[in-house]
Amino acid sequence: MAIYLPGTAEEEQIALDELTPREIVAELDKYVIGQKDAKRAVAIALRNRMRRQKLGPELAEEVIPKNIIMIGPTGVGKTEIARRLAKLANSPFLKVEASKFTEVGYVGRDVESMIRDLVEIAIDMIREEKLEDVADKAELNAEERLLDILLPPTTPRPAESAGGLVLEGTTGMPESQSRTREKLRQQLREGKLDDRQVEIETRERNFPSFEIISNQGVEEMDVNIKDMLPNIFGQRTKKRKMKVNEAFEYLIQEEEQRLIDMEQVTRTAIDRVENAGIIFLDEIDKIAGRESGHGPDVSREGVQRDILPIVEGTTVNTRYGMVRTDHILFVAAGAFHVSKPSDLIPELQGRFPIRVELQSLTMEDFIRILTEPKSSLTKQYTALLETEGVKLEFTPDALDEIAHFAFRVNEGTENIGARRLHTIMERVLDEISFDAPERKGQQFTVDADYVRKMLSEIVKDQDLSRYIL
C-alpha cells in the first residue's frame, strides 16, 4: 500500500514506497542540519521496512527491524531525526525516556506501558484520518438535524437510503414548508442564524464515584472501564439551550462519532503499530549499568531486562487487544557521557545492531540552523511578529553574532546544543516582542550591534550568564 506525503496543492504527492534512502535524507535535511551518518542509518531502516512489505508473508515474518542507537550530546538533533522520520512514514511515533521506567515489582511505570501508549497514538491518528473521510457527510447530517429543530417537519422525514446518503429532506413535505426549509438552509449556511437559541438533546454520563484498589496500574487492567460503565449505569440525555452555531458544532461531532466504525479504526491502528510503529527510547544511557549486588545498578539492569523482550518481540495485552512488538522499530538515544553502549546488558546490545555517533554542533551549524530549516527560528519569530503588523529582518552579521554567542556559551557552560539558540533569541528579541503591539506598521532590523547591545550586560557578568544564557 502506498502512503503519500502531505504536500500543497501545487506540489506533486510523493508515494512513500518510491522514496530512495537518498531522497529520505533530503527530506530530513529540510528540518535537521548536519548529522549525515544518523540520517543515512534511519533512511536505510525506513527503506528496509518498505522492502519487507514487498516480501512473501513467510519471509517477511523473519525479517526483523534493525534497531538503532544514536550516541551524542543533547540538542544535536537525535529526537528531531526520529520524529521527522515517523512523520515522513506516517507511522505511530512515541518518544519516551527510558529512565522513567522501573523494574517489575517497584512503584512506577512498567515497560509495557510504552506499547499501550503507542496504540493510543495510532488510534488517534487513524480516527483523524477517518474524520476527514466523513467530514462532509457529518456536516450534511448535522445540518438536516438542525433544520428539523428549527422547522419541525409536519410529516415524518424519509429514512436514510441503503447507501447511507442523506436526502435534503424536502421529499414528502408540503411545498410551502419545503421552500421555508430551503430559505432556512441558506440563512444557516450564511451564518445569519448563528445567534438564535435552540434546544437540543445532549448525551451525558453520570457515573458514581468509586475507587479501584489494585497492585497494578489502571492501564494494566484487562477490563475496559470506560466502555463497561455506560453499559452498567446507562446513558442519559439532557435538553440544553445553546446558540445555533454551537449546536451545529455539537451535532457535527455527534455525527462524526456515529459515522466512524471504531472497531475498524482499532484493527487498522493495531496493524499500523505492529508493522510501522516507531518508539524513540531517549536517555537509554541512564539505565546502562551492570549487576553490582546492591544500589541503583540492580534496578537499572532490571529495567534493561524488562525492555529486552519488548525489543526482541513479544505480545503485549492492551485494552484494544493483543499487540505484537516483533516489527516495531526502536531508536534509542543517549549522551553516554558517563556510561557507554557496552555497559548495557549484552542481550540488549545485540538488539541494537546499528550505532551512529552524532557530532557536536559547530558555529557554522548554528548559522545554518537559524536560517535553513523549513521552520527555522528566524522564520518563526518573523512570522510571530507579522501577526502584530511588525516587519522583522535579521542581517547576516546578526546571525553570525547570535551563533557565536551560542557556541561560546555552550563551550563555557553546559553544552545543550541548538536549544541554546532559543534562549539567546528570546533575550535578543525581548524588547521588540514586548513593544510590538504598539509598533504596528514599523520595521525592525536586527544587526550585530543590536545583538551585542542586548547581550552585553549578561556576557560581562560570567556568573549571571550561566543563569540567563
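My aim in this report is to walk through the structure given alongside it, one point at a time. All values derive from a computational prediction rather than experimental measurement.

### Here we look at the overall build of the protein
Right, on to step 1. On a plain count of helices and strands, the protein comes out with 18 helices and 11 strands.
Right, on to step 2. Look at the contacts in the protein between residues 6 or more apart in sequence, and 76% of them connect residues 24 or more apart.
Right, on to step 3. About 26000 Å² of surface is accessible on the protein, with carbon and sulfur atoms providing 49% of the total.

### Observations concerning the sheet that holds strand β9 (residues 354-357)
Right, on to step 1. The strand order across the open sheet formed by 5 strands is β2-β5-β8-β1-β9, and the pairing between neighbours is parallel. Strand pairing shows two members of the sheet lacking a second neighbour, β2 (93-97) and β9, which therefore form its edges. Averaged over all adjacent pairs, the angle separating strand axes in this sheet is 20°, with direction ignored.

### So, the layout of surface pockets
Right, on to step 1. Estimated volume of the largest pocket: approximately 1000 Å³.
Right, on to step 2. In terms of lining residues, the largest pocket is bounded by 38 residues, among which Thr 74, Gly 75, Val 76, Gly 77 and Arg 419 are the most central.
Right, on to step 3. No other element matches helix α4 (residues 78-89), which puts 5 residues into the lining of the largest pocket.
Right, on to step 4. In terms of residue class, the lining of the largest pocket is built from 13 nonpolar, 13 polar and 12 charged.

### Quick word on the nonpolar core
In a soluble, globular protein the nonpolar side chains are often hidden away together inside.
Right, on to step 1. Counting residues in each nonpolar core, the largest one holds 60 residues, and the members touching the most others are Ile 24, Met 70, Leu 392, Leu 429 and Val 446.
Right, on to step 2. Sort the elements by how many residues they give to this core and helix α2 (residues 36-53) lands first, with 7 residues.
Right, on to step 3. If near-sequence neighbours (up to four positions away) are discounted, Val 446 is found in contact with Leu 392, Glu 393, Phe 394, Thr 395, Ala 398, Val 428, Leu 429, Ile 432 and Val 451.
Right, on to step 4. Ile 260, Ile 279, Ala 332 and Leu 344 belong to the second largest nonpolar core, which has 41 residues in total.

### Regarding the packing of α2 against α4
Right, on to step 1. α4 packs onto α2 with a crossing angle of 30° between their chain directions and a minimal axis gap of 11 Å. Compared by their axis directions, α2 and α4 come out roughly parallel. The chirality of how α2 crosses α4 is right-handed. Facing Ala 38, Lys 39, Val 42 and Leu 46 of α2, the residues of α4 in contact are Ile 81, Leu 85, Leu 88 and Ala 89.

### As for the pattern of salt bridges
Right, on to step 1. Summed over the entire model, instances satisfying the criterion amount to 32 salt bridges.
Right, on to step 2. Across the salt bridge formed by Lys 192 and Glu 190, the nearest N and O atoms sit 3.0 Å from each other.
Right, on to step 3. Judged by its relative accessible area of 60%, Lys 192 is exposed.
Right, on to step 4. When the shortest N-O distance is used, the salt bridge between Glu 255 and Arg 258 registers 2.7 Å. Of the two residues, Glu 255 and Arg 258 are both situated in helix α8 (residues 244-259); the distance of 3 residues between them amounts to about one turn of the helix.

### What to know about the packing of helix α5 (residues 113-150) against helix α9 (residues 262-276)
Right, on to step 1. At their nearest, the axes of α5 and α9 sit 8 Å apart, and the two run at 125° to each other. Of the possible angle classes, the one that applies to α5 and α9 is oblique. Like other packed secondary-structure pairs, α5 and α9 cross with a definite hand, here right-handed. Across the interface between the two elements, Leu 118, Val 119, Ala 122, Ile 123, Met 125, Ile 126, Arg 127, Glu 129 and Lys 130 from α5 touch Met 262, Gln 264, Val 265, Thr 266, Thr 268, Ala 269, Arg 272 and Val 273 from α9.
Right, on to step 2. Across the contact of α5 with α9, the residue classes break down as 10 nonpolar, 3 polar and 4 charged.

### Concerning empty space enclosed by the protein
Right, on to step 1. Taken as a whole, this structure holds 1 cavity of 30 Å³ or more when the rule is applied.
Right, on to step 2. Looking at the largest cavity, its volume works out to about 40 Å³.
Right, on to step 3. Along its surface, the largest cavity is lined by Ile 64, Pro 65, Asn 67, Val 311, Glu 312 and Arg 351.
Right, on to step 4. In terms of residue class, the lining of the largest cavity is built from 3 nonpolar, 1 polar and 2 charged.

### Details of the side chain of Glu 401
Right, on to step 1. With respect to the helices and strands, the residue Glu 401 is situated in helix α14 (residues 396-412).
Right, on to step 2. The buried category is assigned to Glu 401, whose relative accessible area is 15%.
Right, on to step 3. For Glu 401, the contacting residues outside a window of four places in its chain are Ala 448, Val 451 and Arg 452.

Quick notes on the rules
- Residues numbered from 1 in each chain as written.
- Predicted model: local features only at pLDDT ≥ 70, side-chain atom pairs only at ≥ 80, totals over all residues.
- Heavy atoms only, no water.
- Helix = DSSP H or I, 4+ residues; strand = E, 2+ residues; numbered from the N terminus.
- Contact = heavy atoms within 4.5 Å.
- Areas by Shrake-Rupley, 256 points an atom, 1.4 Å probe, with all protein chains shown as cover.
- Pairing = 2+ DSSP bridges.
- Axes fitted to C-alpha atoms, helices over the stretch in contact; angles between N-to-C directions.
- 1 Å grid on protein atoms, 1.4 Å probe; cavity = no way out; pocket = protein on both sides within 12 Å on 5 of 7 lines; lining within 4 Å.
- Points joined across faces, edges and corners; volume = space filled by probe spheres on them.
- Nonpolar A, V, L, I, M, F, W, Y, C, P; charged D, E, K, R; others polar.
- Core = buried A, V, L, I, M, F, W, Y, C linked by side-chain atoms within 4.5 Å.
- Buried < 20%, exposed > 50% of the residue type's maximum accessible area, 1.4 Å probe, protein only.
- Parallel < 35°, antiparallel > 145°, perpendicular 65-115°, else oblique.
- Left-handed = near helix turned anticlockwise from the far one by under 90°.
- Salt bridge = Lys/Arg side-chain N within 4 Å of Asp/Glu carboxyl O.

Bear in mind that shape data such as this cannot, by itself, settle questions of function.
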